[in-house]
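If you want the building blocks of each chain, they are given just below.
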Amino acid sequence: MTASVSSNCTDVLLNNFQLKKKSYRVLLHGQHLVWERLERQSKYGTTKLPKKLPLPSEQSADEQTAPNVLSGYGPQSHVLHMDDIICVRCGNSKAESLQPVRTQEQERAQGDVKPTAQFLTINYAQRLSKSKSDCNRWQLRRLTFFNVDAYVVRQWEQQLQARLASSPASGQRVRRLLVFVNPYGGRKAGAQTYDRHVRPLFQLAGIDATCITTQRANQVRDILLSHDLSCYDAVCCVGGDGTVAEVINGLVFRRIRELGLDEQRPAYIPRPSLPVGVIPAGSTDTIVYSMHGTSDVRTAAIHVLLGQRRGLDVCSVSNSSTLLRFCASVLSYGYLGDVAAQSEKYRWMGPKRYEYSGVKAFVNNRGYEAELRLIEQPLEPETPQSPVSVCSEPPSVCYANCQRCSTASSLQEQRSTLFLDEEDEQQEEQASTAHELQLSASESALLRPRPANLPLKFSSSSNSSNSILSLRSSEQWKIIRGKFFMICGANITCACSRSPYGISRYSHLGDGCLDLILVRKTSLLNNVRFLLNTAGRAGDIRNLPFVEVYRTRKFNFRTLSAAMSEEQDSIAGSCQPIAQNDGNAAGSLCSSWNCDGEVLTDLDLTMSSHCQLIDVFMRGPHSYSKPEKLGASTPTTPASSSDNVYCCCKN
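Quick notes on the rules
- Residues numbered from 1 in each chain as written.
- Predicted model: local features only at pLDDT ≥ 70, side-chain atom pairs only at ≥ 80, totals over all residues.
- Heavy atoms only, no water.
- Helix = DSSP H or I, 4+ residues; strand = E, 2+ residues; numbered from the N terminus.
- Buried < 20%, exposed > 50% of the residue type's maximum accessible area, 1.4 Å probe, protein only.
- Contact = heavy atoms within 4.5 Å.
- Areas by Shrake-Rupley, 256 points an atom, 1.4 Å probe, with all protein chains shown as cover.
- Phe/Tyr/Trp six-rings, centres within 6.5 Å; stacked < 30°, edge-to-face > 60°.
- Core = buried A, V, L, I, M, F, W, Y, C linked by side-chain atoms within 4.5 Å.
- Salt bridge = Lys/Arg side-chain N within 4 Å of Asp/Glu carboxyl O.
- Pairing = 2+ DSSP bridges.
- Polar contact = N/O pair within 3.5 Å; in protein donor to acceptor, adjacent residues only side chain to side chain.
- Expected span 1.5 Å × (residues − 1).

### Focus on the overall build of the chain
- Looking only at helices and strands, the chain features 17 helices and 22 strands.
- When the 651 residues of the chain are sorted by exposure, 50% land in the buried category.
- Restricting the contact set of the chain to residue pairs at least 6 apart, pairs at least 24 apart contribute 75%.
- Of the roughly 31900 Å² of accessible surface on the chain, 50% is carried by carbon and sulfur atoms.

Take a look at the structure:
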């Protein structure tokens with residue numbers, strides 16, 4: 001039985017196929033592929049006709065609201081969305097239909113001859129939503145349909161290829177990819193991971209991947225800054241969090257150079273044009289785990305194949321004179337800074353050096369005096385993006401199709417549009433000013449206003465500069481002083497397999513804010529309580545009395561001695577030089593910064609969050625929500641979303 005079909009992608013295809021020697025009725029409608037098994041003939045000789053597959057528009061209201069009906073089809077139907085299909089093949093045999101993609105010349109030659117292929121293979125990705133161990137993992141699945149009519153098989157292949165090409169997700173899929181492999185990160189299995197698990201998937205999807213194996217530190221950053229990247233659609237890295245940080249720093253600084261901005265003090269932080277794919281091959285892989293909810297290699301590679309992207313916040317780290325680097329995960333002072341600094345002495349131990357240095361720093365239980373200033377309430381409307389204390393709002397976790405991140409993305413687009421309109425109106429004035437002052441291209445670029453500081457509404461273009469000045473002058477800073485065991489600026493949750501919720505459980509991937517976590521200097525027993533609350537799923541560090549969590553867009557850090565000396569100098573009215581202690585004394589009073597695994601020694605730092613500065617290949621994690629005890633606060637997550645958010649832990 002064959003339905004009428006034309007070359008239009010909106011037509012409906014309905015045919016009978018064989019799948020694993022069983023008869024199935026297969027329907028292609030819109031962006032959905034549906035298949036349902038035909039019922040067998042009864043032993044009395046009468047045939048039970050299968051129930052006709054209804055289209056979504058033909059269903060009743062009861063059927064559409066039934067919980068067992070997926071996407072409006074029958075409860076026994078298997079539904080596959082076009083966005084999850086990776087590739088489609090056909091051949092004269094099942095083995096031939098599994099061969100790599102054919103070239104365009106072979107496709108044209110095949111279309112002119114009589115079709116002979118009777119096997120149609122569809123490779124697609126599926127999330128293991130019913131997995132009892134990890135419902136965030138994705139795997140590659142394959143459907144091989146058989147039909148004796150070769151014309152029907154060719155018709156289905158052409159229709160599937162046409163709908164894949166016309167789908168919105170197809171325009172975001174990668175054709176040419178630049179891949180960096182770090183063979184020394186983590187357990188030194190980066191090259192083996194790419195060859196075994198990642199390269200076959202890229203070949204299956206027809207991605208032309210150029211692989212570069214790094215040999216030294218900062219080689220990825222140097223290549224991204226100096227080489228031509230116009231022929232690539234995206235950049236992918238195989239390594240740990242340090243490799244991801246190198247890619248992000250290279251792309252952002254490259255964009256700063258392309259726009260002629262000052263690299264030490266840019267007027268604003270531009271957004272790179274190339275998206276980033278991350279394949280885990282490090283020790284903890286907190287960035288990948290925070291994005292996908294798992295550190296599975298095939299899951300990360302499948303998201304690169306599917307092409308769907310989300311904006312990821314990136315934080316800039318600067319001192320009083322220059323921009324130092326960009327941070328993708330966490331900037332930590334105190335305990336984690338000591339671990340990063342001390343582990344450099346034991347690199348011969350491999351990944352075990354972090355455990356050894358961590359236990360050593362934990363037992364020492366040192367505290368460091370510091371002063372922190374953070375923006376508590378900016379002059380903006382009340383939105384989910386507003387930097388307020390985490391404890392003052394209902395807890396929410398970041399998930400696939402997160403509403404908070406979507407709202408922040410729309411606000412960011414609105415700001416960008418207002419910035420472009422304002423920039424066009426002021427372009428002639430800036431050009432004339434630069435001509436009169438005889439400024440260079442990089443100097444004239446500094447005349448542009450920062451888009452992140454623009455207000456949401458303008459009364460006129462003439463008073464925009466006054467609005468920006470009033471916005472900056474009315475910022476309210478909260479000052480916190482004390483002796484801290486650890487200070488963390490978390491851009492993401494920093495989750496990993498050992499800490500499924502991470503150190504910042506309620507941090508979002510793209511809301512334009514960061515979480516400032518302050519752990520006061522207390523007893524060793526309290527430090528153990530802190531680690532236990534970060535290691536399991538039942539704990540919450542916000543309930544600890546010696547832990548403070550603030551949500552902000554930026555904060556400034558100074559050692560308490562420097563802050564007190566500055567106040568004394570300002571009161572006395574003079575700035576006499578202060579005698580410096582020797583290196584050993586300074587080292588005993590101050591710690592180091594751990595920025596994505598790299599050690600920073602500056603003691604006057606500012607960390608600022610930039611909303612969705614870079615695009616990454618991800619859909620977001622699917623949060624676990626096991627039943628909590630009575631009276632306990634649980635994170636608010638939606639029951640479902642358009643991205644088939646079904647979790648194995650929600651029963």
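### Notes on the packing of aromatic side chains
- As enumerated under the stated definition, the model contains 11 aromatic pairs in all.
- A centroid spacing of 5.0 Å and a plane angle of 45 degrees characterise the contact between Tyr 333 and Trp 593, whose relative ring orientation is tilted. One end of the pair, Tyr 333, is in strand S14 (residues 330-334); the other, Trp 593, is in strand S20 (residues 593-595), and 260 residues separate them in sequence.
- For Tyr 333, a relative accessible area of 2% corresponds to the buried category.
- Judged by relative accessible area, Trp 593 falls into the buried class, the value being 0%.

### Notes on helix H5 (residues 219-226)
- The set of residues buried in H5 consists of Gln 219, Val 220, Ile 223, Leu 224 and Leu 225.
- Where the residues of H5 are buried, they touch strand S8 (176-181), strand S9 (208-213), strand S10 (234-239) and helix H6 (241-258).

### Details of the nonpolar core
- Counting residues in each nonpolar core, the largest one holds 61 residues, and the members touching the most others are Leu 224, Phe 530 and Val 547.
- Residue contributions to this core peak at 7 residues, all from H6.
- If we skip the residues at most four places from it in the chain, Phe 530 touches Met 486, Ile 503, Val 519, Ile 541, Leu 544, Phe 546 and Val 547.

### A short note on the pattern of salt bridges
- Inspection of every chain in the model, using the stated rule, returns 16 salt bridges.
- The closest approach of N and O atoms between Glu 263 and Arg 257, which form a salt bridge, is 2.4 Å.
- Of the residues examined, Glu 263 reaches a relative accessible area of 27% and is grouped as partly exposed.
- Put simply, Glu 371, Arg 373, Arg 481 and Arg 558 are held in one network by salt bridges that share partners.

### Some thoughts on the pairing of strand S22 (residues 604-617)
- The buried count for S22 comes to 12 of 14 residues, which makes it a mostly enclosed element.
- Two strands pair when backbone bridges link them, and strand S12 (residues 309-318) and S22 are joined in this way by 9 bridges, in the antiparallel orientation. Paired with Cys 315 across the bridge in S22 is Ser 609.
- Relative to S22, strand S19 (residues 554-559) runs antiparallel, the two being bridged by 5 bridges. In the strand pairing of S22, Arg 558 is matched with Asp 604.

### A closer look at the side chain of Ser 343
- Positionally, Ser 343 belongs in helix H9 (residues 335-343).
- The class for Ser 343 is buried, based on a relative accessible area of 1%.
- Within the local environment of Ser 343, its side chain forms a polar contact with the backbone oxygen of Ala 340, the two atoms lying 3.0 Å apart.
- Dropping the residues within four chain positions of it, Ser 343 is found in contact with Arg 353, Tyr 354 and Ser 357.

### Examining helix H3 (residues 150-166)
- For H3, which comprises 17 residues, the first-to-last C-alpha distance of 24 Å matches the rise-based estimate of 24 Å (1.5 Å per residue) to within 8%.
- Those residues of H3 that fall on the buried side of the exposure criterion are Ala 150, Val 152, Val 153, Trp 156, Glu 157, Gln 159, Leu 160, Arg 163 and Leu 164.
- A distance of 3.1 Å separates the backbone nitrogen of Tyr 151 from a side-chain oxygen at the start of H3, and that oxygen is part of Asp 149.

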